[in-house]
Amino acid sequence: MEDLASFDEDLSDCLYKMPTENLPLLEEAAKEVADEVTRPRPTGEEMMQDIQVMLKSDAHHASIRSLKVLVFLIFVTHFWSLLLKLTSFVVPDLQSDQVSHLVKVHGIIISATAVKAKATKVCLQCRGCRNIINNIPLPPGLQGYALPRKCNVENAGRMKCPVDPYFIIPDRCVCIDFQTLRLQESPDAVPHGEMPRHLQLYCDRYLCDRVVPGNRVTIMGIYSIKKVAAAKAKGKERNAGVGLRSSYLRVVGIQVDTEGAAAASEKLKNRYVLMRTGAREHERETDKRPSIPITVRQLEAVVRIAESLAKMKLQAVAGEEEVDEALRLFQVSTLDAALSGNLSGACWC
């Protein structure tokens, strides 16, 4: 975003405030430029694939915990009359004036769903007159789409089409991959004695399967709202909560944090691979199996040692310092004994 601002500040500000309208235009422009640059293309690759623009910003990230008040319209049916109520609803995410704007948040991924298919364009057909409507664009995100209640085709001399006549033809729909994640605020941002807050994330296309639970990430996305599923409880009003909306973030950029716990995990993984490789080479050179095989059990032992060291320092997450000390203890107590064949002082964990 900083590069775009240095080129044109008005364009960058417009993208910040109206990303839903301008991001598709930016992707279409990128596709046209890529089409011109890559011509002529090899046989069988003449068709240009769609391009997804991912955004990144150096701006300060917003806090998920910044409690703001949103006002929603809730329609309640009571005694055959429609009453309008204004209800204050506390949203533990972002400000209400940031809806449909670009925001940047930081946290930890705690859950990820499987990748599913979502239609971007649907094809409808009427059950009565068999009329087909092609390429109906659907809104991005988790908003959904309501099928038309009536057929607008004039059937002179024919029977009138019934109510809710349309059905979707799956073979003619255009679909993309999507995935939903759940983001939890960082432990250092949680006040003492309170529970961490969460935010739902929506990823599509090339942003799917980019992160796994446990990754510390910085998310750039469009702050959006969706309808809340109506609770089917006995005795409740049918139209209660019609105007209620819940918030989520439509992701347009993901940065995985490689510092702190992520860097410690990467170091631990690399050292474990080196230990396994060294044990195999030692076995090949000496033609003798080591007394203590290097397996996943030893890796779990190092993880437990690092976690214990972090708890001794009253830290919520084990960092590189704790991992280095755990690897040093494992080196002098177990790995040296496994390579030398002397089991005195070995840590079996």
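Residues numbered from 1 in each chain as written. Predicted model: local features only at pLDDT ≥ 70, side-chain atom pairs only at ≥ 80, totals over all residues. Heavy atoms only, no water.

Re the pattern of salt bridges
For the structure on display, the rule yields 12 salt bridges. Here Glu27 and Arg205 are joined by a salt bridge, their closest N and O atoms 3.1 Å apart. Within this pair, whereas Glu27 is found in helix 3 (residues 19–37), its partner Arg205 is found in the loop between strand 8 (198–204) and strand 9 (216–227), the two being separated by 178 residues in sequence. Arg328 is paired through a salt bridge with Glu325; the nearest N and O atoms lie 2.8 Å apart. On the criterion of helical spacing, the pair formed by Arg328 and Glu325 is a turn pair, its members being 3 residues apart in helix 6 (residues 320–340). One salt-bridge network, held together by shared partners, links Glu27, Asp204 and Arg205. (Salt bridge = Lys/Arg side-chain N within 4 Å of Asp/Glu carboxyl O. Helix = DSSP H or I, 4+ residues; strand = E, 2+ residues; numbered from the N terminus.)

Focus on the nonpolar core
Of all hydrophobic cores here, the largest spans 17 residues; its most connected members are Leu183, Leu201, Ile219, Leu249 and Ile254. Within the residue set of this core, elements represented by two or more residues are strand 3 (102–112), strand 7 (174–184), strand 8, strand 9 and strand 10 (245–256). Once residues lying within four places of it in the same chain are set aside, the contact partners of Leu249 are Val103, Val105, Leu199, Gln200, Leu201, Tyr202, Ile219, Gly221, Ile222 and Tyr223. Core analysis: the next-biggest nonpolar cluster, separate from the first, contains 16 residues, Tyr272, Val302, Leu309 and Leu327 among them. (Core = buried A, V, L, I, M, F, W, Y, C linked by side-chain atoms within 4.5 Å. Buried < 20%, exposed > 50% of the residue type's maximum accessible area, 1.4 Å probe, protein only. Contact = heavy atoms within 4.5 Å.)

Quick word on the packing of helix 2 (residues 9–17) against helix 3
At a closest axis distance of 6 Å, the pairing of helix 2 and helix 3 adopts a crossing angle of 120°. Between helix 2 and helix 3, the angle is such that the two are oblique. For the pair helix 2 and helix 3, the contacting residues are Cys14, Leu15, Tyr16 and Lys17 in the first and Pro19, Asn22, Leu23 and Leu26 in the second. Residues that form the contact of helix 2 with helix 3 fall into these classes: 6 nonpolar, 1 polar and 1 charged. (Axes fitted to C-alpha atoms, helices over the stretch in contact; angles between N-to-C directions. Parallel < 35°, antiparallel > 145°, perpendicular 65-115°, else oblique. Nonpolar A, V, L, I, M, F, W, Y, C, P; charged D, E, K, R; others polar.)

As for the side chain of His106
For His106, the location among the structural elements is in strand 3. Only 3.0 Å separates the side chain of His106 from the backbone oxygen of Val217, close enough to count as a polar contact. Here Thr218 takes part through its side chain, which lies 3.1 Å from a polar atom of the side chain of His106. With residues near it in sequence (within four places) discarded, His106 still touches His61, Ala62, Ile64, Leu183, Glu185, Ser186, Val217, Thr218 and Asp257. (Polar contact = N/O pair within 3.5 Å; in protein donor to acceptor, adjacent residues only side chain to side chain.)

Overview of the pairing of strand 5 (residues 132–137)
Every other side chain in a regular strand lies on the same face of the sheet, so the side chains alternate between the two faces. Here 4 bridges tie strand 4 (residues 116–126) to strand 5, and the two strands are oriented antiparallel to one another. Across the sheet, the residue bridging to Val122 is Ile136, located in strand 5. Where strand 4 folds back on strand 5, the antiparallel hairpin that results is connected by 5 residues, among which Arg130 adopts a positive phi of roughly 65°. (Pairing = 2+ DSSP bridges.)

A closer look at the environment of Ile133
Locating Ile133 in the fold gives a position in strand 5. A sequence separation of 33 residues divides Ile133 from Tyr166, and the C-alpha atoms of the two residues are 9.4 Å apart. With sequence-adjacent residues up to four places away left out, Ile133 is seen in contact with Val122, Cys123, Leu124 and Tyr166.

A look at unusual backbone geometry
Among all residues save glycine, negative phi is the norm, and among peptide bonds the norm is trans. With an omega of -10°, the peptide bond between Arg39 and Pro40 qualifies as cis. On the secondary structure map, Pro40 appears in the loop between helix 3 and strand 1 (68–78). We note that Arg130 has phi near 65°; this positive angle belongs to a residue other than glycine. Along the chain, the position of Arg130 falls in the loop between strand 4 and strand 5. You can call Arg130 partly exposed: its relative accessible area is 46%. The phi angle at Asn135 is positive, at roughly 50°, despite the residue not being glycine.

Brief notes about the layout of surface pockets
As a volume, the largest pocket reaches approximately 780 Å³. Lining the largest pocket are 29 residues, and of these Pro24, Glu27, Asp50, Thr120 and Arg205 sit closest to its centre. Looking at the lining of the largest pocket, the elements that each hand over two or more residues are helix 3, strand 4, strand 7, strand 8 and strand 10. For the lining of the largest pocket, the leading source of residues is helix 3, giving 7 residues. Two domains each donate at least three residues to the lining of the largest pocket, and these are domain 1 (1–36) and domain 2 (119–176). (1 Å grid on protein atoms, 1.4 Å probe; cavity = no way out; pocket = protein on both sides within 12 Å on 5 of 7 lines; lining within 4 Å. Points joined across faces, edges and corners; volume = space filled by probe spheres on them. Domains from an automatic or database assignment.)

What to know about helix 5 (residues 296–312)
The end-to-end C-alpha distance of helix 5, which contains 17 residues, comes to 24 Å, matching closely the 24 Å that a straight helix rising 1.5 Å per residue would cover. Along helix 5, the positions that sit buried rather than exposed are Gln298, Ala301, Val302, Ile305, Ala306, Leu309 and Ala310. Positioned one or two residues after helix 5, Leu314 has a phi angle of 60°, which is positive. (Expected span 1.5 Å × (residues − 1).)

As for the state of the cysteines
Tallying each qualifying case throughout the model produces 0 disulfides. In this model Cys126 remains outside any disulfide bridge; the closest cysteine sulfur is found in Cys161, 3.6 Å from its own. Residue Cys126 is classed as buried on the basis of its relative accessible area, which comes to 0%. Between Cys208, a free cysteine, and Cys203, which holds the nearest cysteine sulfur, the sulfur-to-sulfur gap is 6.4 Å. Overall, the relative accessible area of 11% leaves Cys208 in the buried class. (Disulfide = S-S within 2.5 Å.)

A few points about the confidence of the model for the protein
Looking at the protein as a whole, its pLDDT mean stands at 78, while 78% of the residues score no less than 70. Ranking the helices and strands of the protein by mean pLDDT puts strand 7 first, with 93, and strand 2 (residues 81–91) last, with 33. For the stretch residues 67–93, pLDDT sits under 50, and the model shows 69 contacts to residues farther than four places along the chain or on other chains. (pLDDT = per-residue confidence, 0-100.)

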